[in-house]
Amino acid sequence: MADSGEDLLIRFEELTKTFKVSSRGFGSERITAVDHVSFSIRRGETFGLVGESGCGKSTFSKIALRLVEATSGSVFYEGRDIYKMPFRQLREIRRDMQVVFQDPYDSLNPRLTLEELAAEPLRVHKQGGKAARRERVESLFNDVGLPTSIMGRYPHQLSGGQRQRLCIARTLALSPKFIILDEAVSALDVSIQAQILNLLQDLKKQFNLTYLFISHNLSVVKFASDRIGVMYFGRIIEIAEKRELFSNVLHPYTYALLSAIPGAGLEAEKRRALMQAGAPSIFNAPKGCAFSSRCPWSKDMCGKEPPTLKDMGGGHCAACHFAGELELNLGL
Amino acid sequence: MLKNKHILAGGAIIAVMIFIAIAAPLLTSYDFSELDFASKNKPPAADHVMGTDQYGRDVWSRIAYGARVSLTVSLAAVLIAIVCGSFLGVVSGYLKGKFDFIMGRLIDIMMAFPAILLSLIIGAALGASIRNMCFSIGIPLIPIFYRVARGAAFSVADRTFVMASRSIGSSGVRIMIWHILPNVLPQVFVVLSMGMGGSILAEASLGFLGLGIPQPTPSWGLIVNEGKAFMFTAPWTTAFSGLFIALTILGFNLLGDGLRDHLDPKLRTLSA
């Protein structure tokens, strides 16, 4: 990739995760949830990862931090491979890398108070005494816009937005450098989404954070990200700077995805025609390009040979045999 | 905690029982083993408030002293079962995989034996004494608590907050103590009452089979069993001792329910 000379914070290399699924009767099948995903994130940027449900986004977020072991591949965080680290060291490095999960109703232990929850990272890493921790929790509450008066309450007494703020406070407790936001706003009301997105932007500036922003919602990713990767069927099929992606689409899937945004300039008829059939079953993935079964431009070779991610100039990569040859103009 | 009516009522019953057990010598005017064949199977009267049994022993004295054995043994037995069962269950449910599989099969083996048979085997192997009695009653109760704890832990382990805790660098031990256990205990407390009842009855059965506490020390189960033959001519022996067993179990039931509610922050704030 073209960004080898830049200040990279984290680099994913050929990350793959397969699951064993026992089928009815005998034996078991392997499905590939994440398929040789490679990309890197620069220090200080927000990388958006979009894709439809079931494309492997969440699995990726878990293997990216080794919360779940990947089947193969490596993750280089500041040059060190976290998959070759002993567990003790991994736990240390997890201070730097945090994750906010999708469901704010399930990501907080209902039996701990807000203060205990926010202080947990500090206790785990044995930082400060009781008083120091309390002080830190108070400042965290201020940072994420929660009143300190509710510190003694329990999670069920909070609204979804407040819970997500608390989750963010937890991730900030250890002053991390890199945060994965795995559908962090998807479960919230639209008005609350905007609040949390703005909060995330402010925190990023304040603490020099780097984000990996995962979502199925293109408008949200467009708002939040500097660079965007499009994921389909466990693979990255297009990566580009945000503006470049929206003005110069190279992959038919991205085109279909973007055209699905209401008001994207295409007539409804045309839009519907773009995405043919449903996503293929994960149990019998197409041999060649995974999108070939739904692609209106599909040719013979698409069904036979899988395309590789090629740099089409300026760090804009696409995995399509005909990248650049198709007329994909949205007029955005 | 005292706002909870269940805890209050259950606690009061158990407190009274414990008081009776401790203060037995002050509350009774007869020796629990004093035979008096002249006045056997006498109904309750002023001199014998709960009547006498077939050897003319004062039933109230026997019940009061019997509380000592019955309460100690059943409490200790349930304690052994809760501690072992929850510990193994939580570890099993959290680790899953091989450990869970092997533990599950071992517990299956234990459950394949009738509890009373298992108590007999352990009791016979260890010999008759109050301490061994606790083990021989407590160990067969482990599978109940193991299964409840393991099932709850299994589902809690999949929740996002467990993953979230791991992502901030928590160790497995920490996750089990801070995140799994607090969410498993309420379910275990509900079974506690069941375990208490079971262990009081198990102690009674063992006593009946001659593997209980050596004579002449009375225990509630023993009193019930001895009185059983005279159920129709002298029902007070079984009735009063049975009443004490039932009351104690009720007390633990109330306490178990109350504790479950008290430990749930959601219910607590609603009632407060």
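Residues numbered from 1 in each chain as written. Chains lettered and ligands numbered in written order. Predicted model: local features only at pLDDT ≥ 70, side-chain atom pairs only at ≥ 80, totals over all residues.

Colleague: What am I meant to see in the overall build of chain A here?
Modeller: Within chain A, the regular secondary structure consists of ten helices and twelve strands. Every one of the 332 residues in chain A was classed for burial, and the buried ones make up 40%. In chain A, the proportion of contacts linking residues at least 24 apart, taken out of those at least 6 apart, comes to 65%. (Helix = DSSP H or I, 4+ residues; strand = E, 2+ residues; numbered from the N terminus. Buried ≥ 20, exposed ≤ 12 C-beta atoms within 10 Å, placed from the backbone. Contact = placed C-beta atoms within 7 Å.)

Colleague: Is there a simple way to explain the overall build of chain B in this structure?
Modeller: Within chain B one finds twelve helices and zero strands. Starting at the N terminus and walking to the C terminus, you meet the elements of chain B as α-α-α-α-α-α-α-α-α-α-α-α. Seen along its three principal axes, the alpha-carbon backbone of chain B occupies a region of about 75 × 45 × 30 Å. Counting across all 272 residues of chain B, residues that qualify as buried make up 46%. Counting only contacts in chain B whose residues sit at least 6 apart along the sequence, the fraction spanning at least 24 positions is 70%.

Colleague: Would you take a moment to explain the environment of Gly66 of chain B for this structure?
Modeller: Residues and elements named next belong to chain B. In this structure, Gly66 sits in helix α3 (residues 59–95). On the basis of neighbour count, Gly66 is assigned to the buried category, with 28 C-beta atoms found within 10 Å. Sequence separation between Gly66 and Thr217 is 151 residues; the distance between their C-alpha atoms is 7.3 Å.

Colleague: Even after reading the chapter, I still don't get α3 of chain B, so can you show me in this structure?
Modeller: Helical geometry note: an α-helix holds 3.6 residues per turn, so side chains three or four residues apart project in the same direction. Residues and elements named next belong to chain B. A rise of 1.5 Å per residue sets the reference length of α3, with its 37 residues, at 54 Å; its end C-alpha atoms lie 52 Å apart and thus fit the reference within 8%. At Gly66, α3 is deflected by roughly 30°, the largest bend along its length. Within α3, 26 of the 37 residues are buried, which leaves it mostly tucked inside the rest of the structure. Lys96, located one to two residues past α3, shows a positive phi value of around 55°. (Expected span 1.5 Å × (residues − 1). Bend = angle between axes of the 7 residues up to and from the residue.)

Colleague: So what exactly am I meant to see when it comes to unusual backbone geometry here?
Modeller: Working note: non-glycine residues mostly have negative phi, and peptide bonds are mostly trans. All names here are of chain A. The residue Glu14 is not glycine, and still its phi comes out positive at about 50°. Assignment of secondary structure puts Glu14 in strand β1 (residues 8–22). Within the chain, His36 stands out as a residue other than glycine whose phi angle is a positive 45°. Within the element layout of this structure, His36 appears in strand β2 (residues 28–42). Look at His36 and you get partly exposed, because 17 C-beta atoms sit within 10 Å.

Colleague: So what exactly am I meant to see when it comes to the sheet that holds strand β12 (residues 317–318) of chain A here?
Modeller: Within a sheet, each strand pairs with its neighbour through backbone hydrogen bonds, oriented either parallel or antiparallel. All names here are of chain A. The eight strands lie next to each other as β6-β7-β8-β3-β9-β10-β12-β11, forming an open sheet whose pairing is mixed. The open sheet has two edge strands with one neighbour each: β6 (97–100) and β11 (310–311). Summarising the sheet, strand β9 (residues 227–232) and strand β10 (residues 235–241) pair through six bridges and their orientation is antiparallel. By the bridge assignment for β10, Ile228 is matched with Ala240. (Pairing = 2+ DSSP bridges.)

Colleague: Help me out: how do you make sense of the sheet that holds strand β4 (residues 72–77) of chain A in this one?
Modeller: Residue and element names in this part refer to chain A. The sheet built from four strands is open, its strands ordered β2-β1-β4-β5 with antiparallel pairing. Every other strand in the sheet has two partners, leaving β2 and β5 (80–81) as the edge strands with one partner each. Two elements, β1 and β2, share eleven bridges in a ladder whose sense is antiparallel. Across the sheet, the residue bridging to Ser22 is Ser28, located in β2. Relative to β2, helix α1 (residues 57–64) is tilted by about 65°, and along the sheet it contacts β1, β2 and β4. (Axes fitted to C-alpha atoms, helices over the stretch in contact; angles between N-to-C directions.)

Colleague: Mind showing me how you'd approach the nonpolar core here?
Modeller: Generally speaking, soluble globular proteins have nonpolar side chains that are buried together. Counting 158 residues, the largest nonpolar core has Ala169 and Leu181 of chain A together with Ile63, Phe145, Ile180, Val184 and Val188 of chain B as the members making the most contacts within it. Each of domain 1 (2–225) and domain 2 (245–332) of chain A contributes no fewer than three residues to this core. Beyond its immediate sequence surroundings of up to four residues, Ala169 of chain A is in contact with Ala118, Leu140, Phe141, Asp143, Val144 and Leu146 of chain A. (Core = buried A, V, L, I, M, F, W, Y, C linked by C-beta atoms within 7 Å. Domains from an automatic or database assignment.)

Colleague: I tried to follow the pairing of β9 of chain A on my own but got confused; where do I start?
Modeller: Remark: a regular strand shows side chains that alternate across the two faces of the sheet. Residue and element names in this part refer to chain A. Within β9, six of the six residues are buried, which leaves the element mostly enclosed by the surrounding structure. Along β9, one buried face is formed by Arg227, Gly229 and Met231 and the opposite face, lined by Ile228, Val230 and Tyr232, is buried too. The sheet contact formed by strand β3 (residues 46–50) and β9 spans four bridges and is parallel. In the sheet register, Leu49 faces β9, and the bridge partner there is Gly229.

Colleague: What should I look at first to understand the packing of helix α9 (residues 172–208) of chain B against helix α11 (residues 236–263) of chain B in this one?
Modeller: Relative orientation and spacing of two packed helices are given, respectively, by the angle between their axes and the distance between those axes. Residues and elements named next belong to chain B. For the pair α9 and α11, the least separation of the axes is 8 Å and the interaxial angle reads 175°. In terms of orientation, α9 and α11 fall into the roughly antiparallel class. Contacts between α9 and α11 pair Leu185, Pro186, Phe189, Val190, Leu192, Ser193, Met196, Gly197 and Ile200 from the former with Ile245, Thr248, Ile249, Phe252, Asn253, Gly256, Asp257, Leu259, Arg260 and Leu263 from the latter. (Parallel < 35°, antiparallel > 145°, perpendicular 65-115°, else oblique.)

Colleague: Is there a simple way to think about the interface of chain B and chain A in this case?
Modeller: As a measure of interface size, the accessible area lost when the parts come together is often cited. Listed per partner, the contact involves 18 residues of chain B and 23 residues of chain A. Considering every element that reaches the side of chain B that touches chain A, the biggest residue donor is helix α8 (residues 160–167) of chain B, with seven residues. Classifying every residue of the side of chain B that touches chain A by side-chain character gives six nonpolar, eight polar and four charged. (Nonpolar A, V, L, I, M, F, W, Y, C, P; charged D, E, K, R; others polar.)

Colleague: What is the right way to read the environment of Ile10 of chain A from this model?
Modeller: Mapped onto the fold, Ile10 of chain A is located in strand β1. On a C-alpha basis, the gap between Ile10 of chain A and Tyr105 of chain A in space is 29 Å, while along the polypeptide they are 95 residues apart.

Colleague: Would you take a moment to explain helix α6 (residues 130–138) of chain B for this structure?
Modeller: Looking at α6 of chain B, one finds that the buried residues are Met133, Cys134, Ser136, Ile137 and Gly138 of chain B. In this fold, the buried residues of α6 of chain B make contact with α3, α5 (115–126) and α9 of chain B.

Colleague: In this structure, what is going on with the environment of Val191 of chain B? I would like to understand it.
Modeller: Residues and elements named next belong to chain B. Within the fold, Val191 resides in helix α9. Overall, the presence of 21 C-beta atoms within 10 Å leaves Val191 in the buried class. Taking C-alpha positions, Val191 is 13 Å from Leu250, a pair spaced 59 residues apart along the chain.

Colleague: Looking at this structure, how should I read the confidence of the model for chain B?
Modeller: Predicted coordinates in areas of low pLDDT are best not read in detail. A residue-level look at chain B finds 97% of positions with pLDDT of 70 or above and a mean pLDDT of 86. As scored by the predictor, the complex reaches a pTM of 0.81 and an ipTM of 0.83. (pLDDT = per-residue confidence, 0-100.)

Colleague: Can you help me understand the packing of helix α3 (residues 114–124) of chain A against helix α4 (residues 130–144) of chain A in this one?
Modeller: Residue and element names in this part refer to chain A. Relative orientation of the contacting elements α3 and α4 amounts to 110°, with a least axis distance of 9 Å. With respect to their mutual orientation, α3 and α4 come out roughly perpendicular. Handedness of the crossing formed by α3 with α4: right-handed. Here Glu115, Ala118, Ala119 and Leu122 of α3 come into contact with α4, specifically with Arg133, Arg136, Val137 and Leu140. When the residues that make up the contact of α3 with α4 are grouped by side-chain class, the tally is five nonpolar, no polar and three charged. (Left-handed = near helix turned anticlockwise from the far one by under 90°.)

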